[in-house]
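Spelled out from the first residue to the last, the chains are:
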Amino acid sequence: MQTNPIPVYLICGFLDAGKTNFIRPMLTGEDFTKGERTLLLITEEGEEEYDPAELGKYSVFPECIDEDGFNRENLTRIFNKYKPTQIVMEYNGMWQLADTQDAFPQNWDLYQIVAIIEATTFDSYAKNMASLMMEKLRFSDLIVFNRCNDELAKLLRQRNIKLLNRRAEIYLEYDSERMEEYDDGSVCPFDLSTPVLELSLEDYGYWYTDCMDHPNRYDGKTVRFSGMVAQSAKFPRGSYAVGRFAMVCCAQDTTFLGMLCYGKEQKNLKNRDWVTVTAKVRIKNLKVLGGEGPVLYTTEVKPAKAPEDALVYF
């Protein structure tokens, strides 16, 4: 019997990091709970607690489990008891995220991972529990550093968390009145100290958007990546584009993220050829770019094999 996937929102972080304070407003408001039956799985006891009566007003059903109960059989039993349409899990900071693969029932879909990290204790945990901390930073979709101040924000940006996870949204929360994006323009998601910036297939979309937003930081840098050729009469003479199609919101809504390239090989390339390009980034003022923007001057272009999934995802 085919069952619909059940979205799981996993909120992770070390003890007293502020997970409960993050989750409580989610579950006591209609934006998240309207029309839903929400199972709240609590895996550790912190200083903050939930009010069962208040949760009940929004069809939220809390259930506590310990490490012994974190297994597929017990989670299936709990699921059948409440029959939720969505699940929020306050995840024990000492548990590995990879443990969910064996413990979750098959129809549970790990929809979003949120890491709540206390800025004041981040450095200590990063040093003493490096593997647990790095796992949360690498695999989360949303990272919130709470209890922040200006000095801690500066130190966090200097450590450049974006290098660990280019995909995640990262925020710095000072108090209930002040929250700001981690990327204030000073944080580069790539290591520019290397002679050649090697971009994996997963890297390309993040590099393209960052290069378009902050072209000057890449001016004069050499990059290497694989992509699809695009030729157009609209391009300046002697130029072509190499890039990837990106899915914006659905498979029917895609756009080509192409970098304009100059090189002698232009005449020999065809639309939709796959190539690996090594090129130097330069800033150029062109009508097709709408003013100043990054272009690539190639030093090497080789044929490449198209990947099984050619789309870029964000």
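What counts as what
- Residues numbered from 1 in each chain as written.
- Predicted model: local features only at pLDDT ≥ 70, side-chain atom pairs only at ≥ 80, totals over all residues.
- Heavy atoms only, no water.
- Salt bridge = Lys/Arg side-chain N within 4 Å of Asp/Glu carboxyl O.
- Helix = DSSP H or I, 4+ residues; strand = E, 2+ residues; numbered from the N terminus.
- Axes fitted to C-alpha atoms, helices over the stretch in contact; angles between N-to-C directions.
- Contact = heavy atoms within 4.5 Å.
- Disulfide = S-S within 2.5 Å.
- Buried < 20%, exposed > 50% of the residue type's maximum accessible area, 1.4 Å probe, protein only.
- Phe/Tyr/Trp six-rings, centres within 6.5 Å; stacked < 30°, edge-to-face > 60°.
- Lys NZ or Arg CZ within 6 Å of the ring centre and 35° of its normal.
- Core = buried A, V, L, I, M, F, W, Y, C linked by side-chain atoms within 4.5 Å.
- Pairing = 2+ DSSP bridges.

(A) Summary view of the pattern of salt bridges. Under the counting rule described, the total for this entry stands at 15 salt bridges. Across the salt bridge formed by Glu118 and Arg147, the nearest N and O atoms sit 3.2 Å from each other. One end of the pair, Glu118, is in strand 5 (residues 108-118); the other, Arg147, is in the loop between strand 6 (142-146) and helix 8 (150-159), with 29 residues separating them in the sequence.

(B) Here's a closer look at the packing of helix 6 (residues 119-128) against helix 7 (residues 130-139). Two numbers describe how helix 6 lies on helix 7: the axes approach to 5 Å, and their chain directions differ by 115°. Here Phe122, Tyr125, Ala126, Lys127 and Asn128 of helix 6 lie close against helix 7, whose contacting residues are Ala130, Met133, Met134 and Leu137.

(C) Looking closely at the state of the cysteines. Across all of its chains, the model carries zero disulfides by this definition. No disulfide involves Cys148; its sulfur sits 18 Å from that of Cys12, the nearest cysteine. Cys188 forms no disulfide, and the closest cysteine sulfur to it belongs to Cys211, at a distance of 9.7 Å. On the accessibility criterion, Cys188 (10% relative accessible area) is buried.

(D) Focus on the packing of aromatic side chains. Scanning the entire structure with this criterion turns up 18 aromatic pairs. Seen from their ring centres, Tyr204 and Trp207 are 6.1 Å apart, and the 50° between their planes marks the pair as tilted. Of the two residues, Tyr204 and Trp207 both sit in helix 9 (residues 204-213), three residues apart, roughly one turn of that helix. In terms of burial, Tyr204 and Trp207 fall into one category: buried. Site record: aromatic cluster; members linked through ring pairs are Phe70, Phe79, Tyr91, Trp95, Phe104 and Trp108. One cation-aromatic arrangement involves Arg178 over Tyr174; the distance from NZ or CZ to the ring centre is 3.6 Å. The lysine or arginine in question, Lys284, covers the ring of Tyr262, its NZ or CZ lying 5.9 Å from the ring centre.

(E) Looking closely at unusual backbone geometry. Notably, Lys83 is not glycine yet its phi reads approximately 50°, a positive angle. Tracing the backbone through its elements, the reader meets Lys83 in the loop between helix 4 (72-82) and strand 4 (86-92). With relative accessibility at 55%, the residue Lys83 sits in the exposed group. Not every positive phi belongs to a glycine, and Arg272 is a case in point at roughly 70°. Looking at where Arg272 falls in the secondary structure, it is placed in the loop between strand 12 (253-262) and strand 13 (274-286). Residue Arg272 is classed as exposed on the basis of its relative accessible area, which comes to 55%.

(F) Spatial organisation of the nonpolar core. Ranked by size, the top nonpolar core spans 44 residues in total, and within it Phe70, Trp108, Phe122, Leu137 and Phe145 carry the most contacts. Filtering out sequence-adjacent residues up to four positions away, Phe122 remains in contact with Ile117, Met133, Leu137, Phe145, Leu156, Arg159 and Ile161. Residues Cys188, Val275, Ala279 and Val281 belong to the second largest nonpolar core, which totals 26 residues.

(G) Fine view of the sheet that holds strand 5. The mixed open sheet is built from eight strands, whose spatial order is 3-2-4-1-5-6-7-8. Of all the strands in the sheet, the pair left with one neighbour each is strand 3 (60-64) and strand 8 (178-181). Sheet twist, expressed as the mean angle between neighbouring strand axes with direction ignored, is 20°. Across seven bridges, the pairing between strand 1 (residues 6-13) and strand 5 is parallel. Its bridge partner being in strand 5, Pro7 is matched across the sheet by Asp109. Against the sheet, helix 6 makes contact with strand 5 and strand 6, and its axis sits at roughly 100° relative to strand 5, the strand it touches most.

(H) Region of the structure containing the side chain of Asp210. Considering the arrangement of structural elements, one finds Asp210 in helix 9. Relative accessible area serves as the criterion here: at 6%, Asp210 is assigned to the buried category. Each residue touching Asp210, except ones within four places of it in the same chain, is listed here: Cys188, Pro189, Pro215, Arg217 and Tyr218.

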